[in-house]
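Take a look at the letters that make up each chain.
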Amino acid sequence: AQSKLSYDGAFLGKLCPSYLVDAQHCVWYGECGDSKIAGKKYNCNYTGPPKPLQAEGHELLAELCPGYDYGDRSLCCDVDQLNSLKGSLQLPLQFLSRCPACSSNFMNLFCELTCSPHQSRFMNSTDFNGPSVTEVQYYIGQTFTNAMYNACKDVQAPSSNVKALSLLCGKDAKDCNATNWIQYMFNINNGQSPFPIIPIFSDVPVSGYTPMNNKTYACTEGLDDGSGPCSCQDCTKACGPKPVPPPVPPPWTIFGIDAMTVIMWISYSAFLLIFFGAVLGVWYYRKRTIMSEYGPILDSNNPLSLNADNPDQVNASCCETLGERFENALRTLFSSWGSFCVRHPSVVLLGSLILVVGSSGGLVYMRITTDPVELWSSPSSQARQEKDFFDSHFGPFFRTAQLIITTPIVDPFLYSPYFGGSDVPFGAILRKDILHQVLDLQLDIESLTATYEGQTVTLKDICLAPLAPYNTNCTILSVLNYFQNSHDVLDHSAGDDFFVYADYHSHFLYCVSAPASLNDTTLLHDPCLGTYGGPIFPWLALGGYDETNYNNATALVVTFPVNNYLNDSVRLGKARAWEKEFVKFMKNFKNPNLTVAFSAERSIEDEIDRESKSDISTIVVSYVIMFVYISLALGHINSCRRLMVDSKISLGISGILIVLSSVSSSLGIFSYCGIPLTLIVIEVIPFLVLAVGVDNIFIVVQAYQRDERMPQEELHQQIGRILGDVAPSMLLSSLSETVAFFLGALSNMPAVRTFSLFAGLAVFIDFLLQISCFVSLLIRLTANRLDIFCCAKLPEGQETRTDSFLFRFFKKIFAPFVLKEWVRPIIVAVFVGMLSFSIAVVNKVEIGLDQKLSMPDDSYVLDYFKNLTMYLHTGAPVYFVVEDGLNYSSLEGQNAVCGGVGCNNDSLVQQVYSASLISNYTTIGFTPSSWLDDYFDWVKPQSSCCRYYNTSGEFCNASVVNSSCVHCRPMTPAGKQRPEGEDFMQFLPMFLSDNPNTKCGKGGHAAYAAAVDVYPDLTGVGATYFMTYHTILKESPDFTEALKMARILAANITEHKMNISPFPRSIFYVFYEQYLTIASDTAFNLGVSLAAILAVSTVLLGFEVWSAVLVSVTIAMILVNMFGVMWLWSISLNAISLVNLVMCCGISVEFCSHIVRAFSISVKNNRVERAEEALAHMGSSVFSGITLTKFGGILILALSKSQIFQVFYFRMYLAIVLLGAAHGLIFLPVLLSYIGPSVNKAKVFSANKRNAGTERERLLNY
């Protein structure tokens, strides 16, 4: 564009001829004398007219000042000055050239300053050193100043995830304005200006000088040379309105109260009204018809038909007959099997032993998975596949060892800058003596050595060094790296005997504003870059500050990134060995002035492992208590004389060994198949199988103890008959649980799937061993031998058989009370009330797993988690990965991704940038780094970055001074365009190998070497990523929401750009993905389990569908009530609690199925009597077999150091047992007494016929 010189020479000559002469007056020309700034020169004082530019400078002038057609006119600069100008402005132009309007205005400022033939109009030399000009005043129009700033204020620096002005203004971009930016650039302390240039801003003439007010371009305008307007990312005005997050949906309320609460209150009230109305109506009706107190509400049974004089006349339906025949077939089968086991105990026991030992032999192949990824993320899940893709293309995320350091000293202090300005408060953690102590700690950690397989391992061997091999210093993200990790630099100050002009305070304040600076603007002139060659962003190294007032920090964060390795066990082993030494060192570290929370990559895994080992004693005590109880409770002692005979300790121990054998067999069989175990399997399955197995053992033993042998009936026949009676009930519960568990293995969650497989097989093997081994051992009940001391035998004597106390309690007190007419409605009302409450809060159960719960109470990691939540301000990095297939060599492919000039407004980078503008909603905290945009800036011919030796074609770094180094692309209109085709691929490897330096800040080696997967033959670019950061995430729902929002953003990019399909990747995604679908997974798993229980129960209850429905409904009520308990007891829904809910489904079968089956085969006259008989006979076995067995063991879990045990095992197990017992022993009998299935006439007829004329008929009638 034509410069706005604002002056028409002829017109001004007529008005003021002398002024025209002054307009052509220079203030300097040429260079002479070295500046105080190393490598810089002063300009020579010259007040004569402009001189013609040498021919060799024409091209350079056109490069630096495009659009200024000086032609053959004379200038106030020579070629040397132009070269100096180019060298000084290389770095800022590399960042600002993303926006043509910005860079044009910026160069306008410096071109006018350096070369304008009208210098004397707006410049005044104020200080000289011999022939050299050592200070000038530069009068700049305020309009020009504001326009230049407005065009540049939004320009991004992609590799740093910050705005370019943060790197070029000497302070954070938010604190930079139109005037202080120019003041900083003209300040000698910035290391680039060779002498002070004092800017004076005004739109009106000042002291006879007319400020330079050239034409400017807004960032929304294109240039006259064809350059387009700046992109939305670099120019907010080009974006249109700022994106607005959708409003948060209001909570669902009715009359201002939670809707579910209101609905369930109304539903519960309506139920009570209808139910009690029906009860009162039936009671009134019965009083009028003088019915029995225990008459059912719906009299579907006709007792006369059951006790008819002619028993051959039975009006049984087809379904009832089929059920009776199936029941009879099972009874016959199990009776024959029981008789065989008693007659051939040696064969059965030996065969079982061989099978158990053979199955358990697989334990030698047992693998225990402790890798959290394997535990919580399915190989087929989206996050897992994305992780595998990322790791295979870019390598796994680096490991970290991190310190969060605070101090008990709480008093902040004030720093008063020498050169004026308000006092700056500093947090106590930034006291110099504290920083020295932190640096001592940091240096001690750097010097740690570990040993791995006889080799010494140091931090340098394993650390992340992005500029290696040129710079092998480790990356250490620490405030001390602003001082190059040096005590001397930290103590560096500038001053005299009276004042301190600059010290660590001023250097710190500068570096947190410009972390990539190579030279601060204070008198110290120390660099801010870390020793590893990269910036230390303050939001990563400081904590506990407000907004961006980093000086208020209350915590220091020191991070040691350590290389991670994929499929390299040796190097990974070295990293883990060093981390172990690091943890050991930090555990022993003591300093009264420092409070240090720390963690290494291996810390969580180590602490979980320690926790598991420490909980072994708790688990053992828990099982010992249950074993002791079982051994003692199985016996039924009739008299003191028979104490050692009736105690049955050995039988109890045998039952326990059978349970353990079934567990070991299940583990062994799946170990043969190569399926690894998890800690959940090891901790939960013995508990589950013990619950199921012990219940069955009590049922068998107590059935025998209550039975009278019939006349002429041998022992094997009696035990066979007993097994025929109880084994179908055992089969019902065991098969229901087995099928339910195996169907639960359909889950995508590895922990749930593994548990379901192992549990299903263990329960089924346990059932098989109980009906074989245990039945063979039942012969000990009749041998009259002393328990344990089996060689001794009591003399035969007549003993009176009595019922156990628990059986008598259930038969005489508990069952009659529960089924009293006035008690039953109260029980229904209470349990339906519990159900209503649980339904109302089921959607309020929190989803996720607080990572603090996974640690022991005394773990050092808990302090780290606490400090992480309290102090950190930045979340985990998130990578938007573009898979292979996009053609980056084409304009279309570039525009779909990039964020600079000419890129699509809905490109990947632009959409991520837009998301960062509403970070509170999207959780995307920063503008993404973009290798593609930085590559375009790097390869421009105006930049000194991309050069090669014209002799060999090899890359020539910008810091190299060699005449054979030439620009990669010509200074032509075509050369200034983006590279395409072969050009694009030719220079890309050079960009990715170039280290940033003072001449070129855009080198891609440090930032992007791992971000671009270049094909080996340089035919194209494969997968790439664009990195940004999440906002700070504190609680489990925050992490889940962050994953959800990142995927929504990626899907939106895909929708707009059909040729690319990016996916987001962050380190925590594999762990939190499960929570996106945990609610539906839970509903699916529990629904499938209930469906399996319904199907199996229908068949094994003799095709009595209604009985199976009642079992399933009661179990469903228990599960819903479990959610109510989870809400009350702050138990979140996650994989662990889902495993427990699946287990709850299985254990609930034990509480319910035996009662329902006993009810279905009862031949009493009405529902109430049948329910009472079922509760009396089965209730005591269920109560003693499950409830009491588990209760003692569960209470011990409360003493565990593990918070997971306390929350997910103690609390949930206790709830499972109490809810199961309450529903199975209280609610279910009452429900059966109201709406239980009608008596099966075919079964009653068969039972009467089978027992006719026997002693059993008398017992049944009794």
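Here the structure is a predicted model, which is why all the values come from computation and not from measurement.

Our focus in this paragraph is the overall build of the protein. Each helix and strand in the protein was counted, giving 45 helices and 29 strands. Taking 2.2 N^0.38 as the reference for a compact globule, 1262 residues should give roughly 33 Å; the C-alpha atoms of the protein span a radius of gyration of 42 Å, well beyond that estimate. Taking all 1262 residues of the protein together, the buried fraction comes to 56%. Taking the intrachain contacts of the protein between residues at least 6 apart in sequence as the baseline, contacts between residues at least 24 apart amount to 74%.

Before going further, it helps to spend a moment on a nonpolar patch on the surface. Together, Y418, F419, F498, F499 and L523 make up an exposed nonpolar region whose accessible area comes to about 600 Å². Looking at the element boundaries, F498 is found in the loop between β18 (494-495) and β19 (500-502).

Parts of the prediction with low pLDDT should not have their coordinates interpreted in detail. Mean pLDDT over the protein: 84, with 90% of residues reaching 70 or higher. Note that residues 1-22 has pLDDT below 50 and, in this model, 24 contacts with residues that lie over four places away or in other chains. Counting interchain partners and residues more than four positions distant, the pLDDT-below-50 stretch residues 291-313 has 33 contacts.

Attention now moves to the packing of helix α26 (residues 715-744) against helix α41 (residues 1135-1161). The geometry of α26 relative to α41 is characterised by a closest axis approach of 9 Å and an angle of 155° between their N-to-C directions. In terms of orientation, α26 and α41 fall into the roughly antiparallel class. The element α26 and its partner α41 pack so that their crossing is right-handed. Contacts between α26 and α41 involve D725, P728, S729, M730, L732, S733, S736, E737 and F741 from the first element and V1142, M1143, G1146, V1149, E1150, S1153, H1154 and R1157 from the second. Of the residues in the contact of α26 with α41, the class split is seven nonpolar, six polar and four charged.

Formed by 352 residues in total, the largest nonpolar core has its most connected members in L109, W181, L403 and F582. Ranked by the residues each element gives to this core, the list is headed by helix α43 (residues 1203-1235), at 22 residues. Non-local contacts of L109, meaning those with residues more than four positions away in its chain, are made with Y138, I140, F144, M148, I182, M185, F186 and M212.

Take the state of the cysteines next. Applying the stated criterion to the full structure yields 15 disulfides. Across a sulfur-sulfur distance of 1.8 Å, C232 and C239 are joined as a disulfide pair. Torsion about the S-S bond of the C232 and C239 cystine: about 110°, corresponding to right-handed handedness. Residue C341 stays outside any disulfide, its sulfur separated by 8.3 Å from that of C773, the closest cysteine. C341 gets classed as buried once you look at its relative accessible area, which sits at 0%.

Glancing now at helix α4 (residues 79-96). Over its 18 residues, α4 runs 24 Å from end to end, which matches the ideal 26 Å to within 8%, given 1.5 Å per residue. For α4, the principal kink sits at Q90 and spans about 55°; a proline, P92, occurs within the next four residues. Backbone nitrogen of D80 and a side-chain oxygen of the N-cap are separated by 3.2 Å at the start of α4; the cap is D78.

What follows is about the pattern of salt bridges. Scanning the entire structure with this criterion turns up 23 salt bridges. Where D934 meets K1002, a salt bridge forms, and the shortest distance between an N and an O atom there is 2.6 Å. Of the two residues, D934 is situated in helix α34 (residues 931-939) and K1002 in the loop between α35 (981-993) and α36 (1005-1008); the sequence distance between them amounts to 68 residues. With a relative accessible area of 0%, D934 lands in the buried category. Assessed through its relative accessible area of 2%, K1002 is described here as buried. One continuous salt-bridge network, built from bridges that share partners, spans D934, D937, K940 and K1002.

Quick notes on the rules
Residues numbered from 1 in each chain as written. Predicted model: local features only at pLDDT ≥ 70, side-chain atom pairs only at ≥ 80, totals over all residues. Heavy atoms only, no water. Helix = DSSP H or I, 4+ residues; strand = E, 2+ residues; numbered from the N terminus. Rg over C-alpha atoms; globule rule 2.2 N^0.38 Å. Buried < 20%, exposed > 50% of the residue type's maximum accessible area, 1.4 Å probe, protein only. Contact = heavy atoms within 4.5 Å. Patch = residues over 30% accessible without salt bridge, like charges linked within 9 Å, V, L, I, M, F, W, Y side chains within 5 Å. Areas by Shrake-Rupley, 256 points an atom, 1.4 Å probe, with all protein chains shown as cover. Salt bridge = Lys/Arg side-chain N within 4 Å of Asp/Glu carboxyl O. pLDDT = per-residue confidence, 0-100. Axes fitted to C-alpha atoms, helices over the stretch in contact; angles between N-to-C directions. Parallel < 35°, antiparallel > 145°, perpendicular 65-115°, else oblique. Left-handed = near helix turned anticlockwise from the far one by under 90°. Nonpolar A, V, L, I, M, F, W, Y, C, P; charged D, E, K, R; others polar. Core = buried A, V, L, I, M, F, W, Y, C linked by side-chain atoms within 4.5 Å. Disulfide = S-S within 2.5 Å. Expected span 1.5 Å × (residues − 1). Bend = angle between axes of the 7 residues up to and from the residue. Polar contact = N/O pair within 3.5 Å; in protein donor to acceptor, adjacent residues only side chain to side chain.

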